[in-house]
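The primary structure of each chain is shown beneath.
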Amino acid sequence: MMLPILLAQSSRNQATGEFAVLVVGIIISYFIMGFFLYRICQKLNVENAWFAWVPILNTYIVFKAADEQEPVLWTILSLIPCISIIAGIKLIIAWVRIFNKLGKSPWLLLICLIPFAIFFVFGYVAFT
């Protein structure tokens, strides 16, 4: 009778540990990508490059760095369900413009479809 209870408890502790590892990984990834975006904005001489560290403002700073019309509007639209699909496409276009401004091939963005490759692509763009 006690065996199923003990097994369930051990499974719960293991799931909690896995969740903790996942959360730590997400936080580390966020800081790495924030740093890369910060460096890219510094290279483009974007005012308030520190916005790269703030969750919603980092979308705004990408539109600002790409010289998009109405970056505030596109940032707000990216928060609205369904409409965010259009804003996401606009965000990809903004990244293509940023890569062009930095003299990098926008085709590098396709490599970001490979898991974890985004760190290498944005690291390359941020430091070269």
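All of these numbers come straight from a predicted model, not from anything done at the bench.

So what about a nonpolar patch on the surface? Which residues, and what values?
Together, Phe19, Leu22, Val23, Ile26, Ile27, Tyr30, Phe31, Phe35, Trp50, Trp53 and Phe127 make up an exposed nonpolar region whose accessible area comes to about 1,100 Å². Among the elements that take part in the nonpolar patch, helix α1 (residues 2-43) stands out by supplying 8 residues, more than any other. Among the secondary structure elements, Phe31 is positioned in helix α1. Residue Phe31 is classed as partly exposed on the basis of its relative accessible area of 47%.

So what about the side chain of Glu68? Which residues, and what values?
Along the chain, Glu68 falls in the loop between α2 (57-65) and α3 (71-77). At a separation of 2.7 Å, a polar atom in the side chain of Glu68 contacts the side chain of Arg97. Residues within four places of Glu68 in sequence aside, it is in contact with Phe63, Lys90, Ile93, Ala94 and Arg97.

Can you explain α2? Please cite residues and give values.
The buried fraction of α2 amounts to 7 of the 9 residues, a majority that puts the element mostly inside the structure. At the C-terminal side of α2, Asp67 shows a positive phi close to 60°.

Which residues make up unusual backbone geometry, and what are the values?
The backbone of Asn45 sits at a positive phi, close to 55°, despite the residue not being glycine. Turning to its location among the elements, Asn45 is positioned in the loop between α1 and α2. With a phi close to 55°, Glu70 is a non-glycine residue in the positive phi region. Residue placement: Glu70 occurs in the loop between α2 and α3.

So, the pattern of salt bridges: which residues are in play, and what are the values?
A side chain with one charge can pair with a side chain of the opposite charge if their charged atoms come near. Scanning all chains against the criterion turns up 3 salt bridges. Two residues, Asp67 and Lys101, come together in a salt bridge whose shortest N-O distance is 3.0 Å. Of this pair, Asp67 sits in the loop between α2 and α3 while Lys101 sits in helix α4 (residues 83-101), and the two are 34 residues apart along the sequence. Judged by relative accessible area, which is 53%, Asp67 ranks as exposed. We classify Lys101 as partly exposed; its relative accessible area is 41%. Where Lys90 meets Glu68, a salt bridge forms, and the shortest distance between an N and an O atom there is 3.1 Å. Here Glu68 lies in the loop between α2 and α3 and Lys90 lies in helix α4, a separation of 22 residues in the sequence.

Let's hear about the nonpolar core: which residues, and what values?
Among the nonpolar cores identified, the biggest contains 29 residues, and Leu37, Ile40, Leu44, Trp95, Ile98, Phe99 and Phe122 are the most heavily contacted of them. Going through the elements one at a time, α1, α2, α3, α4 and α6 (117-127) are the ones with two or more residues in this core. The contact partners of Ile98, leaving out residues within four places of it in the chain, are Ile40, Leu44, Val62, Ala65 and Ala66.

Got a sec to walk through the environment of Cys41? Specific residues and values, please.
As for its position among the elements, Cys41 is in helix α1. Separated by 85 residues in the primary sequence, Cys41 and Ala126 have C-alpha atoms spaced 8.8 Å apart. Sequence-distant contacts of Cys41, that is, excluding residues within four places in its chain, are made with Val46, Ala49 and Ile61.

Describe the environment of Ala87, listing the residues and the values that go with them.
Tracing the chain through its elements places Ala87 in helix α4. On the accessibility criterion, Ala87 (1% relative accessible area) is buried. Distance in space between the C-alpha atoms of Ala87 and Ile76 is 9.0 Å, their sequence separation being 11 residues. Aside from chain neighbours lying at most four places away, what touches Ala87 is Phe63, Trp74, Leu77 and Ser78.

The rules behind these values
Residues numbered from 1 in each chain as written. Predicted model: local features only at pLDDT ≥ 70, side-chain atom pairs only at ≥ 80, totals over all residues. Heavy atoms only, no water. Patch = residues over 30% accessible without salt bridge, like charges linked within 9 Å, V, L, I, M, F, W, Y side chains within 5 Å. Areas by Shrake-Rupley, 256 points an atom, 1.4 Å probe, with all protein chains shown as cover. Salt bridge = Lys/Arg side-chain N within 4 Å of Asp/Glu carboxyl O. Helix = DSSP H or I, 4+ residues; strand = E, 2+ residues; numbered from the N terminus. Buried < 20%, exposed > 50% of the residue type's maximum accessible area, 1.4 Å probe, protein only. Polar contact = N/O pair within 3.5 Å; in protein donor to acceptor, adjacent residues only side chain to side chain. Contact = heavy atoms within 4.5 Å. Core = buried A, V, L, I, M, F, W, Y, C linked by side-chain atoms within 4.5 Å.

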